[in-house]
Amino acid sequence: MSAASCLRSEAQFLCSICLDVFTDPVTTSCGHNFCKNCITEHWNSNDQYLCPMCKKVFYTRPELHINTFISEMVSQFRQEAQQKASSSSSEQQAAKPGEVPCDICTGTKLKALKSCLVCLTSYCETHLEPHLTVSGLKRHQLMDPVENLEDRMCMKHDKPLELFCKTDQTCVCMLCSVLDHKTHDVVPLKEEYEGKKAELGKTEAEIQQMIQKRRLKIQEIKHSVNLSKEDADREIAEGVQVFIALKESVERSLNELIETIEEKQRTTEKQAEDFIKELEQEISELMKRGSEVKQFSRSEDHLHLLQNFPSLKAAPPTKDWTEVSVRPPSYEGTVVRAVTQLEETLSKEMKKLFEAELKRVQQYAVDVTLDPDTANPKLILSDDEKQVNHGDVKKNLPDNPERFSFCPCVLGKQSFSSGRFYFEVQVKGKSDWDLGVARESINRKGKITLIPQDGYWTICLRNRNEYSVYNNSSVRLSLKSQPQKVGVFMDYEEGLVSFYDVDAAALIYSFTGCSFTEKLYPYFGPCINDGGKNSAPLIICPVSQTA
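Note that the structure is predicted; figures quoted are calculated from it, not measured. (Residues numbered from 1 in each chain as written. Predicted model: local features only at pLDDT ≥ 70, side-chain atom pairs only at ≥ 80, totals over all residues. Heavy atoms only, no water.)

The next thing to look at is the sheet that holds strand β7 (residues 142–143). Spatial strand order, β6-β5-β7: three strands in an open sheet with antiparallel pairing. Because the sheet does not close on itself, it has two edges, and the strands there are β6 (121–123) and β7. With two bridges joining them, strand β5 (residues 114–116) and β7 adopt antiparallel strand pairing. Following the sheet pairing, Cys 116 is matched in β7 by Leu 142. Lying over the sheet, helix α4 (residues 125–133) contacts β5, β6 and β7, oriented at roughly 110 degrees with respect to β6. (Pairing = 2+ DSSP bridges. Helix = DSSP H or I, 4+ residues; strand = E, 2+ residues; numbered from the N terminus. Contact = heavy atoms within 4.5 Å. Axes fitted to C-alpha atoms, helices over the stretch in contact; angles between N-to-C directions.)

In structure tokens form, the structure reads like this:
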């Protein structure tokens, strides 16, 4: 039998009441076939004897007889269907754990291909065929196989959940939409599905974007670690090189010191040896003359003594040793001079280090300008907002919350809450000034104290040569030279604020271990004019890297 004829016979042998293959088929006088039990139950539950197919009315209940021809055909069809199912089942896969099984299969349950929302049954490929070929079944709603099909039916009305109530955010059936949800915003399930699917697509895209951003952040962090490792390796290499040079310099200075002292000792010993040798030579000569004199002096022969006295050897020449002495060499200042020389070498190395360090921090230079809204009314700012000095006349300015009302100071416009930054300020010609950074929440009204506890990390000059900082307590700084240009460097995460003498390429002072939790601003205090003695301005300079 061909596949087409098999499909036709299958459609012909389905009862239109139970939608299954005939069991005890009977034929009405109008020519339609039904399962005997199906048509009997149908007539038992109705007042009229109607044909379910053509609606013909029988005024008396028809006597039903089994149609033996159709019964034999059904029997043959069942055998062929069973053989086909057996053959198909060998090709189809049995349902695995987690997969939806066919509800019709007996024995080995095959994997379901579709689920029917009308029949509330899942079908494998073989048992799905009636839904693809029979006109009445083709109208049923099929979907990808799912379990618990009962959950897709309205428990109240026993109808498929085909609609979505946007008001209550729940799935409803057709009866729900005209009864319980009559005034609600109800849309087809597919429409809401498409909307939610689009929303999920957008959410998925956002999640993927977030994942991508985090992957990029991981790469950024790894890159930062690599940069940090490179910086650490470079710093270690430079440190090792410097300390090896210092060690060699110390060893060389120590060897030179020892050699100098030992050379002086060798010279002293040589001089002493020469004196001793000369003295021993004179002693030997004197002993010979003494022996001769002694021999003549013991003679009792007057004539012999007088005749031979002229032959007595003359006294050998001798040195006057009264003023001769060996003086120990003076070692006073030898160690001091060696240490001083070592200190000079160390200073040269330190200068090289500070030059390299200053060059590194200058890479973080930022363009800083003064903020007029924070300036004390007696301060005079240049048009380019790069210079500030104190004037004697108080300007009529609004006393806004940001402005310093009493102390002659001003903040920079730029704020920093992460990373590193550096700027340079010319302080040439001034007798008093304050310079550094301050946090956003500082007190700006009345007197202020430039201490870290109050949010200030600054360096101060008073009376032209008194430099100081306040770090837990006041610290007086001793500088070799007076800075004409001061560099200010800050590392927010490291909690570091450093000040440099730019021209001398020297570190003035560093605040370390600071804890920053809010925005920081550059801080400038030109101090009072002092009758013109301190009239020079503080000038924010462009940063040009040191040679």
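Additional details are given in the paragraphs that follow.
Inspection of every chain in the model, using the stated rule, returns 19 salt bridges. Between Lys 217 and Glu 220 there is a salt bridge whose closest N-O contact spans 3.2 Å. Taken together, the residues Lys 217 and Glu 220, both in helix α7 (residues 189–297) and three residues apart, mark about one turn of the helix. Of the residues examined, Lys 217 reaches a relative accessible area of 41% and is grouped as partly exposed. Of the charged contacts in the structure, one is a salt bridge between Glu 355 and Lys 351, with a shortest N-O distance of 3.8 Å. In this pair, Glu 355 and Lys 351 both sit in helix α9 (residues 334–361), four residues apart, roughly one turn of the helix. We classify Glu 355 as partly exposed; its relative accessible area is 27%. Within this structure, Glu 235, Glu 238 and Arg 360 form a network of salt bridges that share partners. (Salt bridge = Lys/Arg side-chain N within 4 Å of Asp/Glu carboxyl O. Buried < 20%, exposed > 50% of the residue type's maximum accessible area, 1.4 Å probe, protein only.)

Each regular strand displays side chains that alternate between the two surfaces of the sheet. In terms of residue burial, strand β14 (residues 420–426) counts as a mostly covered element, since five of its seven residues are buried. Here β14 pairs with strand β19 (residues 485–491) via seven bridges, running antiparallel. For Glu 424, the partnering residue across the bridge sits in β19 and is Gly 487. The pairing of β14 with strand β23 (residues 538–541) spans three bridges and is antiparallel. The partner of Gln 426 across the bridge, within β23, is Ile 539.

Once that is clear, we can look at the pairing of β19. Of all seven residues in β19, six are buried, a share of seventy percent or more. As paired strands, β19 and strand β20 (residues 496–501) are joined by six bridges and run antiparallel to one another. Note on β20: the bridge partner recorded for Met 490 is Val 497. Linking two consecutive strands that pair antiparallel, namely β19 and β20, is a turn of four residues; a positive phi of about 70 degrees is found at Gly 495 within it.

Quick look at the packing of aromatic side chains now. For the structure on display, the rule yields 14 aromatic pairs. When the ring of Phe 275 is compared with that of Trp 321, the centres are 6.0 Å apart and the planes differ by 85 degrees; the resulting orientation is edge-to-face. With a gap of 46 residues between them, Phe 275 in helix α7 and Trp 321 in the loop between α8 (302–308) and α9 connect regions that are remote in the sequence. Connected via pairs of aromatic rings, a cluster forms that spans Phe 416, Phe 421, Phe 423 and Phe 524. The side chain of Lys 319 reaches across the aromatic face of Trp 321, ending 4.7 Å from its centre. (Phe/Tyr/Trp six-rings, centres within 6.5 Å; stacked < 30°, edge-to-face > 60°. Lys NZ or Arg CZ within 6 Å of the ring centre and 35° of its normal.)

Here we come to helix α2 (residues 36–44). Residues separated by three or four positions in an α-helix point in the same direction, a consequence of the helix having 3.6 residues per turn. Of the residues making up α2, those classed as buried are Cys 38, Ile 39 and Trp 43. In an axial view of α2, the angular spread of the buried residues amounts to 125 degrees, which keeps them on one side of the axis. On its buried face, α2 sits against β1 (25–27), β2 (33–35), β3 (49–50) and β4 (57–58). (Arc of directions from axis to C-beta.)

This part is about the confidence of the model for the chain. Mean pLDDT over the chain works out to 88, with 95% of the residues at or above the 70 mark. The low-confidence segment residues 1–8 (pLDDT under 50) makes six contacts with residues lying over four places distant or belonging to another chain. (pLDDT = per-residue confidence, 0-100.)

Moving on, we get to the nonpolar core. The tendency in soluble globular proteins is for nonpolar side chains to be buried as a group. Counting 35 residues, the largest nonpolar core has Trp 433 and Phe 524 as the members making the most contacts within it. In contact with Phe 524, not counting residues within four places along its chain, are Val 368, Leu 370, Cys 409, Val 410, Leu 411, Gly 412, Phe 423, Val 425, Asp 434, Leu 435, Leu 538 and Ile 540. Core analysis: the next-biggest nonpolar cluster, separate from the first, contains 19 residues, Cys 15, Phe 58, Ile 70 and Val 74 among them. (Core = buried A, V, L, I, M, F, W, Y, C linked by side-chain atoms within 4.5 Å.)

Within the element layout of this structure, Gly 419 appears in the loop between β13 (410–411) and β14. Separated by 72 residues in sequence, Gly 419 and Asp 491 have C-alpha atoms that sit 5.9 Å apart.

Let us now look at the sheet that holds strand β21 (residues 506–511). Here seven strands make up an open sheet; going across it, the order is β11-β12-β23-β14-β19-β20-β21 and the pairing antiparallel. Single-partner strands in this sheet number two, and they are β11 (379–381) and β21. Adjacent strand axes in the sheet meet at a mean angle of 20 degrees when their direction is disregarded. Contacting β14, β19, β20 and β21, α9 crosses the sheet at an angle of about 120 degrees to β20.

Here the focus is the packing of α7 against α9. Here α7 crosses α9 at 165 degrees, and the two axes come no closer than 9 Å. Comparing the axis directions of α7 and α9 gives the class roughly antiparallel. Relative to α9, the crossing made by α7 is right-handed. Only Thr 334, Val 335, Ala 338, Gln 341, Leu 342, Thr 345, Leu 346, Glu 349, Leu 353 and Arg 360 of α9 make contact with α7, whose side of the interface consists of Glu 235, Glu 238, Val 242, Leu 246, Ser 249, Val 250, Ser 253, Glu 256, Leu 257, Ile 261 and Lys 264. Looking at the contact of α7 with α9 residue by residue, the classes come out as 10 nonpolar, five polar and six charged. (Parallel < 35°, antiparallel > 145°, perpendicular 65-115°, else oblique. Left-handed = near helix turned anticlockwise from the far one by under 90°. Nonpolar A, V, L, I, M, F, W, Y, C, P; charged D, E, K, R; others polar.)

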